[in-house]
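Single-letter residue listing:
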Amino acid sequence: LGNYNALFAVFTALSSSTISRLQKTWDGLAPKYRATFETLRKATDHTRNYAEYRQRVRQALPPCLPFVGVSWRAR
């Protein structure tokens, strides 16, 4: 939906140590949802200075709610 602020909030929570240690729960996740999770995880990945996120925001159709924790210049 273009709400990257909420996406970052959800992935911050899911990346917490208490949630990430639930190995049996993560193993029980259906492959369809695991693929979706991985796609969205890539969008919030901090490597290369959030390059994937910045690319997605540039290509997003309005309306789009960016994550304000990452500054970026419009080109």
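Look a little higher up for the structure.
Bear in mind that the values here come from a model prediction, so they are computed numbers and not experimental data.

**Q** Would you mind showing me how to read the packing of aromatic side chains here?
**A** To describe a pair of aromatic rings, one takes the distance between the centres and the angle between the planes. Under the criterion given, the structure shown has 6 aromatic pairs. Note on Phe8 and Tyr53: the rings are 5.2 Å apart at their centroids and 85° apart in plane angle, and the pair reads as edge-to-face. In this pair, Phe8 is assigned in helix H1 (residues 4-14) and Tyr53 in helix H5 (residues 47-59), connecting sequence segments 45 residues apart. By the burial criterion, Phe8 is buried, and Tyr53 matches it. Their ring planes at 5° and their centres at 4.2 Å tell us that Phe8 and Phe67 sit as a pair that is stacked. Of this pair, Phe8 sits in helix H1 while Phe67 sits in the segment after H5; the two residues are 59 residues apart in sequence, bridging distant segments of the chain. An aromatic cluster is defined as three or more aromatic residues linked by ring pairs; in this entry it consists of Tyr4, Phe8, Tyr50, Tyr53 and Phe67.

**Q** Where do I start with the nonpolar core in this structure?
**A** The tendency in soluble globular proteins is for nonpolar side chains to be buried as a group. Core analysis: the largest hydrophobic core is formed by 8 residues, namely Tyr4, Leu7, Phe8, Phe11, Ala43, Tyr53, Val57 and Val70. Where this core is concerned, the elements lending two or more residues are H1 and H5. Considering each element in turn, this core owes the most residues, 4 residues, to H1. Discounting residues that sit within four places of it in the chain, Tyr4 has contacts with Tyr53, Arg56, Val57, Ala60, Cys64, Leu65, Pro66 and Phe67.

**Q** Looking at this structure, I do not really get the environment of Thr36. What am I missing?
**A** Along the polypeptide, Thr36 turns up in helix H4 (residues 31-43). Through-space distance from the C-alpha of Thr36 to that of Phe67 is 20 Å; in sequence the pair is 31 residues apart.

**Q** What is the right way to look at the packing of H4 against H5 in this model?
**A** Helix-helix packing is characterised by the crossing angle of the two axes and by the distance between the axes. Running from N to C, H4 and H5 cross one another at 95°; their axes reach a closest spacing of 7 Å. The angle between H4 and H5 falls in the class roughly perpendicular. Residues Thr39, Lys42 and Ala43 of H4 lie in contact with H5, whose contacting residues are Glu52, Tyr53 and Arg56.

**Q** Please explain the layout of surface pockets as it appears in this structure.
**A** In this approach the atoms are scanned with a rolling probe the size of a water molecule, which exposes any empty space left behind. Put simply, the largest pocket is a space of about 320 Å³. If you go around the largest pocket, you meet 14 residues; those closest to its centre are Phe11, Ser15, Phe37, Arg41 and Thr44. Elements that contribute at least two residues to the lining of the largest pocket include exactly H1 and H4. No other element matches the 4 residues that H1 contributes to the lining of the largest pocket. Split into classes, the residues belonging to the lining of the largest pocket amount to 6 nonpolar, 5 polar and 3 charged.

Rules of the game
- Residues numbered from 1 in each chain as written.
- Predicted model: local features only at pLDDT ≥ 70, side-chain atom pairs only at ≥ 80, totals over all residues.
- Heavy atoms only, no water.
- Phe/Tyr/Trp six-rings, centres within 6.5 Å; stacked < 30°, edge-to-face > 60°.
- Helix = DSSP H or I, 4+ residues; strand = E, 2+ residues; numbered from the N terminus.
- Buried < 20%, exposed > 50% of the residue type's maximum accessible area, 1.4 Å probe, protein only.
- Core = buried A, V, L, I, M, F, W, Y, C linked by side-chain atoms within 4.5 Å.
- Contact = heavy atoms within 4.5 Å.
- Axes fitted to C-alpha atoms, helices over the stretch in contact; angles between N-to-C directions.
- Parallel < 35°, antiparallel > 145°, perpendicular 65-115°, else oblique.
- 1 Å grid on protein atoms, 1.4 Å probe; cavity = no way out; pocket = protein on both sides within 12 Å on 5 of 7 lines; lining within 4 Å.
- Points joined across faces, edges and corners; volume = space filled by probe spheres on them.
- Nonpolar A, V, L, I, M, F, W, Y, C, P; charged D, E, K, R; others polar.

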